[in-house]
Amino acid sequence: MTAPPTNNVPTQADGVIDWLTNGTRDERFIDNIFAQMCIRLQQAGIPLKRSTLHVQINHPQWLGARMMWSDGMTGAEIARVDYDVRERSEYIGSPASEVIEGAAELRENLEQDATLGRKHAIYGEMRAAGLTDYVAWPLYHTLGKQHVVTFATDRPGGFEPAHIAALKKLLPVLALVSEIRIKNRLARTLLETYVGSHAGELILAGATRRGTGTTVRAAIMICDLRDFTKISDNWPRDDVIDLLNDYFDAMSEPIARHGGEILKFIGDGLLAIFPLQAPDACANLLRAVTEARQAMAALNERNNGTGRAPLNYGIGVHVGDVMYGNIGSTSRLDFTVIGPAVNMASRLEALTKLLGRTVLLSRDFAELVEPKFELEHVGKHEVRGFSDPIELFAYHG
């Protein structure tokens, strides 16, 4: 069998291929590798002026990302791509769409009359930038995953056959190097999405044994939606899912913005911690609660316009030491926090309904924020599971 002609023939890209294979082991990010690769291709004599790498990723918010390098840049610009991009003109009929839909190669002579070539805004933009030739290829990863890489030049007459051969020879190695980095990023993204950024870092660092963990002093926040059973029984399924997502957005975004970490969603509730290693952690928790309250008020106003009843919720807050680590069966683990401090926050959340307050704080927590925030003292109350009455405060900010 005859090997593909570019595989064993020396090309201008051989030094770059050797660098990709052996010189990038310590580089974590594909955008840095991609930019450096483009610069090295120029140094090898390939008249590269612009290059892009389009990758699809499993992120809850974005379909993928586009990395773009152009002459004179030391790094690559990264642009996130939304899931609805396939319905927009910037994608429909674009080189990326043609390659994703099956084109093995896309070559465009940008020096010819524009009326004779493919019709898409990107070609006009490249002509306006003085580019003369453009080529796009699929970049194949394992298990059928496909991405796109493009190269363009401003050389009169475009790329020579030797330039194209060199770039083609580069593709399999670029595919391997990019797949490793993209999968590393994907693993990190999935862990951040499902267990939180801090827990994700610990798991990636090797904290995967059952029973392993550490003691963390933290402010604990537990939030629960009121009358959810009634809502889920009476509303259409899709409406319930939309409602929960809107509610969790209103609560979660302020928590993340102020340095908290959501460890889990439990049905219609959530558990979040603010580690006290941050000097203003307790105050940040209340700032997050304030913003979440405002977001919930705005959500209820929108829901009122569509005939939906307002959503009510309760929040319990305590501070203390928690065990932070792996708990579960031998084959299925949960990275979470446990301990009396978590139980206390849960009991306070349950008391919000009984005492008619939206947010209840323990005395231990209140002492850490009272000079900065106005709190309502609501007296001592029996808390299930604790022998002595607990002094409680309400926060209305």
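Structure: above.
Residues numbered from 1 in each chain as written. Predicted model: local features only at pLDDT ≥ 70, side-chain atom pairs only at ≥ 80, totals over all residues. Heavy atoms only, no water.

Visitor: Mind showing me how you'd approach the overall build of the protein here?
Guide: Each helix and strand counted, the protein has 11 helices and 14 strands in total. In terms of overall dimensions, the protein is more spread out than a globule: its C-alpha atoms have a radius of gyration of 28 Å, far above the 21 Å expected for 397 residues. If you line up the protein on its principal axes, its C-alpha atoms span 85 × 50 × 40 Å. Across the 397 residues that make up the protein, the buried fraction comes to 45%. Once local pairs closer than 6 in sequence are excluded, the contacts in the protein between residues at least 24 apart make up 61%. (Helix = DSSP H or I, 4+ residues; strand = E, 2+ residues; numbered from the N terminus. Rg over C-alpha atoms; globule rule 2.2 N^0.38 Å. Buried < 20%, exposed > 50% of the residue type's maximum accessible area, 1.4 Å probe, protein only. Contact = heavy atoms within 4.5 Å.)

Visitor: Explanation requested: the packing of helix 1 (residues 14–22) against helix 2 (residues 30–43) in the structure shown.
Guide: Axes are the key here: two packed helices are described by the angle between their axes and the distance separating the axes. At a minimum axis separation of 9 Å, helix 1 and helix 2 run at an interaxial angle of 155 degrees. On the basis of the axis angle, helix 1 is roughly antiparallel to helix 2. For the pair helix 1 and helix 2, the sense of crossing is right-handed. Facing Val16, Trp19 and Leu20 of helix 1, the residues of helix 2 in contact are Ile33, Gln36, Met37, Arg40 and Leu41. A per-class count over the contact of helix 1 with helix 2 returns 6 nonpolar, 1 polar and 1 charged. (Axes fitted to C-alpha atoms, helices over the stretch in contact; angles between N-to-C directions. Parallel < 35°, antiparallel > 145°, perpendicular 65-115°, else oblique. Left-handed = near helix turned anticlockwise from the far one by under 90°. Nonpolar A, V, L, I, M, F, W, Y, C, P; charged D, E, K, R; others polar.)

Visitor: Explain unusual backbone geometry to me, please; I cannot follow it from the model alone.
Guide: Note on backbone geometry: most residues besides glycine have negative phi, and most peptide bonds are trans. Even without glycine at this site, leucine 143 takes up a positive phi of about 60 degrees. Relative accessible area serves as the criterion here: at 84%, leucine 143 is assigned to the exposed category. Despite not being glycine, aspartate 227 has its phi angle at roughly 60 degrees, a positive value. One can find aspartate 227 in the loop between strand 7 (213–225) and helix 7 (228–234).

Visitor: In this structure, what is going on with helix 2? I would like to understand it.
Guide: Each full turn of the α-helix corresponds to 3.6 residues, which orients residues three or four apart in the same direction. The first and last C-alpha atoms of helix 2 sit 20 Å apart over 14 residues, in line with the 20 Å expected at 1.5 Å per residue. Buried residues of helix 2: Ile30, Asp31, Ile33, Phe34, Ala35, Met37, Cys38, Ile39 and Leu41, and no others. Glycine 45, located one to two residues past helix 2, shows a positive phi value of around 105 degrees. (Expected span 1.5 Å × (residues − 1).)

Visitor: What should I look at first to understand the sheet that holds strand 1 (residues 50–56) in this one?
Guide: Working definition: the strands of a sheet are paired by backbone hydrogen bonds and lie parallel or antiparallel to each other. Spatial ordering of the open sheet is given by 3-2-1-6-5-4, a layout of 6 strands whose pairing is antiparallel. Only two strands of the sheet have a single neighbouring strand rather than two, namely strand 3 (77–82) and strand 4 (106–109). The mean inter-strand angle of the sheet, taken between neighbouring strand axes irrespective of direction, is 15 degrees. As judged from the 4 bridges shared by strand 4 and strand 5 (residues 133–140), these two strands associate in the antiparallel manner. Its bridge partner lying in strand 5, arginine 107 is registered against valine 135. The sheet strands contacting helix 4 (residues 121–128) are strand 1, strand 4 and strand 5, and the helix crosses strand 4 at an angle near 50 degrees. (Pairing = 2+ DSSP bridges.)

Visitor: Explain the layout of surface pockets here, please?
Guide: Picture a little ball the size of a water molecule; that probe, rolled over the atoms, points out where space is still empty. Estimated volume of the second largest pocket: approximately 600 Å³. Taken together, 29 residues make up the lining of the second largest pocket; nearest its centre are His54, Arg66, Glu90, Tyr91 and Ala96. Of all the secondary-structure elements, those providing two or more residues to the lining of the second largest pocket are strand 1, strand 2 (62–70), strand 3, helix 3 (95–100), helix 4 and strand 6 (146–153). It is strand 1 that contributes the most residues to the lining of the second largest pocket, 5 residues altogether. In terms of residue class, the lining of the second largest pocket is built from 14 nonpolar, 8 polar and 7 charged. (1 Å grid on protein atoms, 1.4 Å probe; cavity = no way out; pocket = protein on both sides within 12 Å on 5 of 7 lines; lining within 4 Å. Points joined across faces, edges and corners; volume = space filled by probe spheres on them.)

Visitor: So what exactly am I meant to see when it comes to the side chain of serine 178 here?
Guide: Relative to the helices and strands, serine 178 is located in helix 5 (residues 161–195). Polar side-chain contacts of serine 178 include one of 2.8 Å to the backbone oxygen of leucine 174. In this structure serine 178 touches Ile30, Leu139 and His141, once residues within four positions along its chain are discounted. (Polar contact = N/O pair within 3.5 Å; in protein donor to acceptor, adjacent residues only side chain to side chain.)

Visitor: Explain the packing of aromatic side chains here, please?
Guide: Geometry of an aromatic ring pair is reported as the spacing of the ring centres plus the angle between the planes. Across all of its chains, the model carries 5 aromatic pairs by this definition. Judged by centre distance (4.9 Å) and plane angle (40 degrees), the ring pair of tyrosine 247 and phenylalanine 248 falls under tilted. (Phe/Tyr/Trp six-rings, centres within 6.5 Å; stacked < 30°, edge-to-face > 60°.)

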